[in-house]
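A look at the structure
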Amino acid sequence: IIRPWYNRGDIGMVVTGDYDADAVFSTGQEAEPNTARNHAPEDGIFIGGVCPSGKAPKGLPSQALVLAAGSGATYIALKSDKILIKGDVEIEGNVKISDLLEADGIEMTTHTHAGDSGGSTSEPHRTEG
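Parameters and conventions
- Sequence order as written defines residue numbering, which begins from 1 separately in each chain.
- Where local features are concerned, this predicted model is filtered to residues with pLDDT of at least 70; where side-chain atom pairs are given and counted, the filter is 80 or more; whole-chain, interface and lining totals use all residues.
- By convention in this description, side-chain values take in all heavy atoms of the structure and omit both hydrogens and water.
- Secondary structure elements are taken from DSSP: a helix is a run of H or I of four residues or more, a strand is a run of E of two residues or more, and numbering for both begins at the N terminus.
- Should any heavy atoms of two residues lie within 4.5 Å, those residues are counted as being in contact.
- The cut-offs for exposure are 20% and 50% of the maximum accessible area for each residue type, with area from a 1.4 Å probe on protein chains only; residues under the lower value are buried, those over the upper are exposed, and the others partly exposed.
- Paired strands are those between which DSSP finds at least two bridges.
- Axis lines are fitted through C-alpha atoms, for helices just across the contact stretch, and the angle between N-to-C directions can take any value from 0 to 180 degrees.
- Aromatic pairing here means that ring centres of Phe, Tyr or Trp (its six-membered ring) are within 6.5 Å. Orientation follows from the plane angle: under 30 degrees is stacked, over 60 is edge-to-face, and everything else is tilted.
- Two N or O atoms form a polar contact when they lie within 3.5 Å of each other; inside protein one atom must be a possible hydrogen donor and the other a possible acceptor, and for residues adjacent in sequence the pair counts only when both atoms belong to side chains.
- Salt bridges are defined as contacts in which a side-chain nitrogen from Lys or Arg sits within 4 Å of a carboxyl oxygen from Asp or Glu.

Further remarks concern the overall build of the protein. In terms of regular secondary structure, the protein is built from one helix and seven strands. Put simply, the protein runs from its N terminus to its C terminus through helices and strands in the order β-α-β-β-β-β-β-β. Across the protein, every contact between residues at least 6 apart in sequence was considered, and the portion connecting residues at least 24 apart equals 28%.

A few words on the environment of P57. If you trace the backbone, P57 turns up in the loop between β2 (44-48) and β3 (65-69). Here P57 falls in the partly exposed class, since its relative accessible area comes to 25%.

Attention shifts here to the sheet that holds β3. Across the sheet, three strands lie side by side as β3-β4-β5; this open sheet has antiparallel pairing. At either end of the open sheet lies a strand with only one pairing partner, and these are β3 and β5 (83-86). For this sheet the average axis-to-axis angle between neighbouring strands, irrespective of direction, equals 5°.

Quick look at the packing of aromatic side chains now. What the rule picks out here adds up to one aromatic pair. Here Y6 and F46 contribute two aromatic rings whose centre-to-centre distance is 4.7 Å and whose plane-to-plane angle is 85°, an arrangement assigned as edge-to-face. In this pair, Y6 is assigned in the segment before β1 (12-16) and F46 in strand β2, connecting sequence segments 40 residues apart.

This part is about the side chain of D43. With respect to the helices and strands, D43 occurs in the loop between α1 (22-27) and β2. Engagement of the side chain of D43 in a polar contact is seen with the backbone nitrogen of A21, the distance being 3.2 Å. A distance of 2.8 Å separates a polar atom in the side chain of D43 from a polar atom in the side chain of R37. If we skip the residues at most four places from it in the chain, D43 touches V15, T16, G17, Y19, D20, A21, D22 and R37.

What follows concerns the pattern of salt bridges. Per the counting criterion, the structure on display carries four salt bridges. Two residues, E42 and R37, come together in a salt bridge whose shortest N-O distance is 3.8 Å. Here R37 ties to D43 by a salt bridge, and the two come within 2.8 Å at their closest N and O atoms. By relative accessible area, which is 3% here, D43 ends up buried. In this structure, a network of salt bridges that share partners links the residues D20, D22, R37, E42 and D43.

Now the structure itself:
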């Protein structure tokens, strides 16, 4: 499911089906049209994300499926080998990491400090300075 939030004034295009598409939309299966309706607005689909002058914001990753907001200052990009996120991230719920957790080049699951036995703790993890 792709659920974009379109607003009045967003640029896009409407693709209209040749025939009544109600039966296809309600069943998800190939079906004969319910009516003789042709090229009707109610069978149209709005496709947004069309950029003014055909120019996408600069600085977006290439060779990726990109979902960007506004000027491209924030985005999520799906590449063939990784997911890129630019911008602040808020997570509501649990996070499970089943591989390496690294922060600023430091592997966090085995990282310790002098006098620290490592592992998880309920106390904040601070570096002596």
